[in-house]
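Report on the structure
The chain contents come next:
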Amino acid sequence: MSKKPRLGFLGLGWIGRMRMGALASAGIADIAAISDPSPECVGEARKLAPQAEICANLEELASRQLDGIVIATPSALHAEQTIACLDSGIAVFCQKPLGRTAREVRDVVASARQANKLLGLDLSYRHTNAMQALREAVDSGRIGDLYAADLVFHNAYGPDKSWFYDVKQSGGGCVIDLGVHLVDLIMWIKGFERVSEVRSSLYAGGSKLRADPDVVEDFALSTLEFANGTTCRMTCSWNLSAGKDAEISVVLYGTEGSVEMRNLNGSFFDFEAAIMHGTSRQVLVAPPDDWGGKALLAWAEQLGRSDAFDPSAEEFISSAEILDRIYGRETVAQQIMARAS
């Protein structure tokens, strides 16, 4: 049996309100309480959920007998706030990244497992019609065996909040902001198979950075080698001169064809998927696709059925470990173990 869960929202900036609007329109949950230090953000959120109680902080929010809390605060707060909610017996849906490092993500997932509470992460691109079509094409064998992939996320702009440019607060630059989606997508397509080798080059202002940099990168090129031989190349950036607002694509190469997802006309929201055989190209899906809130809606629907821990949250750790390896944060011992396993 499903119920309509009572939810709270912590963090009411643009992304938090965007997700709240999707939830309010769907009508599958009650938005019972909200919290943000900005009166302006609270005011805008009340337009979407006029019945919601305004809470001063997370502690007050957690005392309102909620089934779940949606967290959309700065990255440095995600792990700590998520663990606090889970330890209070409340399920959580968090904006990416779940943590700034793999260690933080492991701690969060361990807390969810111990509390036996549902943990969700806003990996929204999985839920686009285009990426769903790509995964179906791979899983059904329409392109044969997948042996290579190219993933790109270039943003012609940079974040407008100062904390994004502080490694201690953000955990990194364009990789943890944009590349996190690319890592998740290829790991999701590959069924979270083991990655045997990760190579990367990070840049800031055109200068190459050392491993585990203390400044945020604005350009990154990474290569992942999967244990079964599949090679994946990922590129992401902020403020790149790409001649458009954004360039976002996933191209998967198989032994019998290829399949791709691409944004249209530089859009951050409009995606087309197509399958290629030789010189032919067949469009699989095209806009419109109102995908922005689908990850949250899927979590809320699952929460309505059960708030129990979902073991698929372990996947968040696998992707976070890849991000650590891209940044060069893994230890020599970890590298040796990865090669030996």
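Coordinates for the structure precede this section.
In this report, we go over the structure that sits alongside the text. Computed from a prediction, not measured in an experiment: that's the story for all the values here.

Some details on the sheet that holds strand β12 (residues 246-254)
Read from one edge to the other, the open sheet built from 9 strands follows the order β9-β8-β10-β11-β7-β12-β13-β14-β15, with strand pairing classed as mixed. Both edges of this open sheet fall to β9 (207-208) and β15 (280-285), since each of them pairs with a single strand only. Where helix α8 (residues 174-189) meets the sheet, its contacts fall on β7 (146-155), β8 (195-204), β10 (219-226), β11 (231-238) and β12, and the angle it forms with β11 comes to roughly 155°. Relative to the sheet, helix α10 (residues 314-327) contacts β8, β10 and β11, its axis offset from that of β8 by approximately 55°.

Thoughts on α10
Between its first and last C-alpha, α10 extends 21 Å over 14 residues, near the 20 Å set by a 1.5 Å rise per residue. Taking burial as the measure, the 14 residues of α10 include 10 buried ones, the bulk of the element. Looking at α10, one finds that the buried residues are F316, I317, S319, A320, I322, L323, D324, R325, I326 and Y327. Looking at the residues trailing α10, positive phi occurs at G328, about 75°.

As for empty space enclosed by the protein
Where empty space is left can be seen by rolling a probe of water-molecule size over the atoms. What the rule picks out here adds up to 3 cavities of 30 Å³ or more. Its volume calculated, the largest cavity comes out at about 170 Å³. In terms of lining residues, the largest cavity is bounded by 20 residues, among which V105, V180, F316, A320 and L323 are the most central. Among the secondary structure elements, those contributing two or more residues to the lining of the largest cavity are α5 (102-115), α8 and α10. In terms of residue count, the dominant contributor to the lining of the largest cavity is α10 (7 residues). For the lining of the largest cavity, the class distribution of residues is 12 nonpolar, 3 polar and 5 charged. In this structure, the second largest cavity encloses a volume near 50 Å³. Considering the residues around the second largest cavity, the lining is formed by V175, G179, L182, V183, A220, S222, M234, T235, C236, L323 and I326. In terms of residue count, the dominant contributor to the lining of the second largest cavity is α8 (4 residues). Class assignment for the residues of the lining of the second largest cavity results in 8 nonpolar, 3 polar and no charged.

Notes on the pattern of salt bridges
Throughout the structure, instances matching the rule amount to 26 salt bridges. The salt bridge partner of R106 is E321, with a shortest N-O separation of 3.2 Å. Here the residue R106 occupies a position in helix α5, and E321 occupies one in helix α10, the gap between them amounting to 215 residues. E321 gets classed as partly exposed once you look at its relative accessible area, which sits at 32%. Between R199 and E225 there is a salt bridge, with its nearest N and O atoms 3.6 Å apart. Remark: E225 occurs in strand β10 and R199 occurs in strand β8; sequence separation between them is 26 residues. The class of E225 is buried, set by a relative accessible area of 18%. Where salt bridges share partners, they join E260, R262, E272 and R281 into one cluster.

Definitions and limits used
- The residue numbering used here restarts from 1 in each chain and proceeds along that chain's sequence as written.
- The predicted nature of this model means local features are confined to residues of pLDDT at least 70 and side-chain atom pairs, given and counted, to a pLDDT of 80 or more, with totals for whole chains, interfaces and linings taken over all residues.
- Only hydrogens and water are set aside when side-chain values are computed; all heavy atoms of the structure are taken into account.
- The rule for pairing is simple: two strands pair if DSSP sees at least two bridges between them.
- Helix and strand assignments come from DSSP, with helices taken as H or I runs of at least 4 residues and strands as E runs of at least 2, each series counted from the N terminus.
- We call two residues in contact when some of their heavy atoms are within 4.5 Å.
- To get an axis, fit a line to the C-alpha atoms, keeping to the stretch in contact for a helix; angles then go from 0 to 180 degrees between the N-to-C directions.
- Multiplying one less than the number of residues by 1.5 Å gives the expected span of a helix.
- The classification of residues rests on relative accessible area computed with a 1.4 Å probe and restricted to protein chains. Under 20% of the type maximum is buried, over 50% is exposed, and intermediate values are partly exposed.
- Residues are said to line a cavity or pocket when one of their atoms sits within 4 Å of a point; the points come from a 1 Å grid over protein atoms alone, cavities being sets where a 1.4 Å probe fits but cannot get out and pockets being open sets with protein on both sides within 12 Å along at least five of seven lines.
- Grid points are joined across faces, edges and corners, and a volume is the space filled by probe spheres set on the points.
- For this classification, Asp, Glu, Lys and Arg are treated as charged, while Ala, Val, Leu, Ile, Met, Phe, Trp, Tyr, Cys and Pro are nonpolar and the rest, including Gly, are polar.
- Criterion for a salt bridge: a side-chain nitrogen of Lys or Arg within 4 Å of a carboxyl oxygen of Asp or Glu.

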